[in-house]
Amino acid sequence: METPSKKKLLFTHNWMFGLCSLFIISSCFLGNAQNNTIQLKYLGTAGWEINDGAITVLIDPYISRVKLGTGPGISPDDNRNTVKRSDVFVSDTLLIDSLITKADFILAHHSHFDHLADVPYIAKKTGAKVIGTETTCNILRAYGIPNEQLYPVRGGEDYQFKNFSVKVIPSIHSALNNKHYLDSRTYTEPPKAPLKVSEFIEGGSLMFLARFKKHTVLTMGSMNFVERELVGQKPDILLAGVNRSQFGLYKYNERLLAVTNYPKYIIPTHWDNFRLPYGFSQKSGVEQKLLPFKEDVKQRSPKTQVLIPVHLGTISIE
């Protein structure tokens, strides 16, 4: 795989700065980082960097955004090498190093490549503790991540750590392929690394209720959830899965809002075209997915603020 040149990285950061300014009107209540402020930086796909001044937590940090296949999600202006699912996944370490400098914990919703494939490098680079399924932990073991950094979970655990706590919530994957998707494969032993793109199997799905000093964030890694597992949860920030597969579910928006007690803030996640590198337009995703979602939430929960994220942009909430 080719890695972006320094020139392209500069272009990407300048482009993102300009795009962020377009959304300033929708987030005018946000302020600079203060003692009670939590900062959420959107890494694309379902990836986030969350920092409250005391701890840095990464959610599904997928940075490489490989040019996967030759389908309609590929841009003719993307001159990177094409990656097939039968190819060994290679992380864009130059780009990762430019964006990720530290992490205390990594929360992995499931083990597909667009959630986990960059985690081995990031975990090794930062020494971050990783919380994920048995499959997630076995993949990381295959890449040499020591057991001391790994917390295998299955859902139901509620762990207290220094500066934050996290409740692990059983979940299910998006209903892909017109609701025909099902993959029950797991890795009960470390597979042979390096893995091909297709070998990053789901291995079960999770959600996380991450409690920071002043805020509680409920994370989603797909456009689906187990309703009974969310009863009683009252996050003030919901990272809500928003994409086309949600339309195959019964009253998705209505049920999600109700069972999470109409959070004060909702930030859509996993909505972008992750086959495109940073710096390429995501306008169609915003217009076709996020703006209709925001309008629907406004009708159902007028007090909820839906914040539109942009790649590498940071949302600060006091």
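Here the structure is shown first, and the text comes after it.
Residues numbered from 1 in each chain as written. Predicted model: local features only at pLDDT ≥ 70, side-chain atom pairs only at ≥ 80, totals over all residues. Heavy atoms only, no water.

### What about helix 4 (residues 119–126)?
Okay, so step 1: Looking only at helix 4, the buried set comprises V119, P120, I122 and A123. For helix 4, the buried positions fall inside an angular range of 170 degrees around the axis, keeping them on one side.
Okay, so step 2: Taken together, the buried residues of helix 4 touch strand 3 (56–59), helix 2 (93–99), strand 4 (105–107), helix 3 (113–116), strand 5 (129–132) and helix 5 (134–142).
Okay, so step 3: Within two residues after helix 4, G127 carries a phi angle of roughly 75 degrees, on the positive side. (Buried < 20%, exposed > 50% of the residue type's maximum accessible area, 1.4 Å probe, protein only. Helix = DSSP H or I, 4+ residues; strand = E, 2+ residues; numbered from the N terminus. Arc of directions from axis to C-beta. Contact = heavy atoms within 4.5 Å.)

### Here's the deal with the side chain of H109
Okay, so step 1: Among the secondary structure elements, H109 is positioned in the loop between strand 4 and helix 3.
Okay, so step 2: Aside from chain neighbours lying at most four places away, what touches H109 is I59, D60, G204, S205, L206, M207, F208, T219, M220 and G221.

### Description of the nonpolar core
Okay, so step 1: Of all hydrophobic cores here, the largest spans 53 residues; its most connected members are L40, I50, I131, F164 and F212.
Okay, so step 2: Beyond its immediate chain neighbours, meaning those up to four positions away, L40 contacts W48, E49, I50, I237, L239, I267, G313, T314, I315 and I317.
Okay, so step 3: Ranked by size, the runner-up nonpolar core spans 36 residues in total, among them L58, I63, L95 and C137. (Core = buried A, V, L, I, M, F, W, Y, C linked by side-chain atoms within 4.5 Å.)

### Remarks on the pattern of salt bridges
Okay, so step 1: Per the stated rule, a full pass over the model turns up 9 salt bridges.
Okay, so step 2: A salt bridge links K283 to E287, with the shortest nitrogen-to-oxygen separation between them at 3.9 Å. Within this pair, K283 and its partner E287 are both found in helix 9 (residues 283–300), separated by 4 residues, close to a single helical turn.
Okay, so step 3: When its relative accessible area of 53% is taken as the criterion, K283 is described as exposed. (Salt bridge = Lys/Arg side-chain N within 4 Å of Asp/Glu carboxyl O.)

### Considering the sheet that holds strand 13 (residues 305–306)
Okay, so step 1: Spatially, the 7 strands line up as an open sheet ordered 7-8-9-10-11-12-13, and their pairing is mixed. Because the sheet does not close on itself, it has two edges, and the strands there are strand 7 (158–161) and strand 13.
Okay, so step 2: Inspection of the sheet shows strand 10 (residues 216–219) paired to strand 11 (residues 237–241) by 3 bridges, in the parallel sense. Note on strand 11: the bridge partner recorded for T219 is L239. (Pairing = 2+ DSSP bridges.)

### Quick look at the sheet that holds strand 6 (residues 150–152)
Okay, so step 1: The sheet built from 7 strands is open, its strands ordered 6-5-4-3-2-1-14 with mixed pairing. Because the sheet does not close on itself, it has two edges, and the strands there are strand 6 and strand 14 (314–317). Averaged over all neighbouring strand pairs, the angle between strand axes comes to 20 degrees, with direction disregarded.
Okay, so step 2: In the sheet, strand 4 pairs with strand 5 via 3 bridges, with the strands oriented parallel. If you follow L107 over to strand 5, its bridge partner there is I131.
Okay, so step 3: Here helix 4 sits on the sheet in contact with strand 3, strand 4 and strand 5, set at roughly 165 degrees to strand 4.
Okay, so step 4: With respect to the sheet, helix 5 is in contact with strand 5 and strand 6, its orientation differing from that of strand 6 by roughly 150 degrees. (Axes fitted to C-alpha atoms, helices over the stretch in contact; angles between N-to-C directions.)

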